[in-house]
Amino acid sequence: MDPSDEQAGAWTEAFDAGKFVRKSSEFRDHIETDGTFGVESGRYHLYVSYACPWAHRTLITRTLLGLEDHITFDVVDWRMNRDGSWSFNPEEEGATADTVNGETSLEGVYNRAFAGWNEGRGIGTVPVLWDRQHSTIVNNESREIVRMFDTFSQAGLGNGVSLCPPELRQEIDAMIDSNYESVNNGVYKSGFARTQSAYEEAVTALFARLDALEAHLEGRDWLVGEGAGQITEADICLFPTLARFDLVYVVHFKCNLRRIIDYPNLQAFVERMIDLPGIKETCNWHHMKAHYFWSHQNINTFRIIPLGPLEGAHTK
Ligand SMILES: N[C@@H](CCC(=O)N[C@@H](CS)C(=O)NCC(=O)O)C(=O)O
């Protein structure tokens, strides 16, 4: 084992020739109108971190679909422990207790869903969608949780909006796929790279895709749809990465060929999203920034959290 693995935690557990390889999510059940996990108000609960871009997707979707009265949530402390685990700390600004299961760590929640989870299965990630009725985890993959929330909206809970209308589904999925490896996961591949070539490969692909997205957004408000487009899951999946970019990834993950603020269309896209009702409240800039610089001690030994930048999405 590489000596730095002990500090790297579950984040960096898999490497292939110096390249970071993300683990796949373990809980993949679905909420369906007539399935084991039915659509019901007050039955499901989200565990999130305000720092985490994947969890952020689920909070944004909950807000945009008007599901605040139907799906509850708790927030972990922004400090991810050295082994990659999360704790509940209601003393911390913006964080909460585990109001459903009373656990002090997210690992405790995973253990309830899968006995012996902490003996070898791994460390629990956020987001988690919890089912109060069966006392288990339905799903811990953000993209699938986001899609399931549309089912709520279609079943009459929430505001009836769809963020994945059937006629746009293919286009939405293609856009999400195109952004995933290069951008959403690309920032992590850049930051966790252990060879110069792995880093350069990741950062080059990342900025090639950002350049393409900048061009794509010329004259458009949203990534998918006719004319200026309409807001969909594709926007929700991209936004959390862009929102953290200038604040964290430019410095911490060495994604520094350009900043988002240097791309007029991408910057306008980020601000457009923040200006939507309720979205600003899902953006806890302190949790975002402090989390990364403090938690990844293998790449920031002394846990120094930079003061800047002065300008960016976080000043909106
Ligand atoms: N594929 C998952 C990824 C979730 C994920 O990696 N979450 C991070 C926080 S940003 C986490 O909880 N990491 C803890 C760990 O890996 O130990 C999703 O999209 O939901």
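Residue numbers here run from 1 along each chain, matching the order of that chain's written sequence. Under the rules for a predicted model, residues below a pLDDT of 70 receive no local features and side-chain atom pairs below 80 are neither given nor counted, while totals for whole chains, interfaces and linings still include all residues.

K.L.:
How should I be thinking about helix H10 (residues 264-274) in this particular structure?
P.N.:
An α-helix turns once per 3.6 residues; consequently, residues spaced three or four apart project the same way. Any residue whose C-beta has 12 or fewer other C-beta atoms within 10 Å is treated as exposed, any with 20 or more as buried, and any in between as partly exposed, C-beta atoms being built from the backbone. The secondary structure listing takes helices from DSSP runs of H or I that are at least 4 residues long and strands from runs of E that are at least 2 residues long, numbered from the N terminus. For H10, the full list of buried residues reads Leu-266, Gln-267, Phe-269, Val-270 and Met-273. Down the axis of H10, the smallest arc covering the buried residues is 155 degrees, so these residues share one side. Along H10, exposed side chains directed more than 90 degrees from the buried face belong to Pro-264, Ala-268 and Glu-271. By the criterion used throughout, residues are in contact when their C-beta atoms, derived from the backbone, lie within 7 Å. For H10, the secondary structure elements touched by its buried residues are helix H8 (196-216) and helix H9 (233-252). Working note: the arc is built from the helix axis to C-beta atom directions.

K.L.:
Teacher, can you tell me more about the domain arrangement of the chain here?
P.N.:
Accessible area lost when the parts come together is the quantity often used to give the size of an interface. With domains assigned, the chain is organised as domain 1 (5-16 + 24-154) and domain 2 (166-279). A domain assignment, automatic or from a database, supplies the domain bounds used here. Here the C-alpha centroids of domain 1 and domain 2 sit 23 Å apart. Listed by partner, the interface residues are 13 residues for domain 1 and 14 residues for domain 2. Only helix H2 (53-64) and helix H5 (142-154) provide two or more residues apiece to the side of domain 1 that touches domain 2. Looking at the side of domain 1 that touches domain 2, the element that brings in the most residues is H2, giving 7 residues. In this count, Pro and Cys sit with the nonpolar residues alongside Ala, Val, Leu, Ile, Met, Phe, Trp and Tyr, while Asp, Glu, Lys and Arg are called charged and the others, Gly among them, polar. When the residues that make up the side of domain 1 that touches domain 2 are grouped by side-chain class, the tally is 6 nonpolar, 4 polar and 3 charged.

K.L.:
Could you clarify how one ought to interpret the sheet that holds strand S4 (residues 71-75) in this entry?
P.N.:
Sheet strands pair by backbone hydrogen bonding; their relative direction is either parallel or antiparallel. A strand pair is defined by DSSP finding two or more bridges across the two strands. One open sheet accounts for 4 strands, arranged S4-S3-S5-S6; its pairing is mixed. The outermost strands of the open sheet, each flanked by one partner alone, are S4 and strand S6 (136-139). Neighbour-to-neighbour, the strand axes of the sheet open up by a mean angle of 35 degrees, direction not taken into account. The sheet contact formed by strand S5 (residues 128-131) and S6 spans 3 bridges and is antiparallel. Bridge pairing in S6 places Leu-129 opposite Asn-139. Note on geometry: axes are lines fitted to C-alpha atoms, helical ones only across the stretch in contact, with angles between N-to-C directions running from 0 to 180 degrees. Against the sheet, H2 contacts strand S3 (44-48) and S4, and its axis sits at roughly 135 degrees relative to S3.

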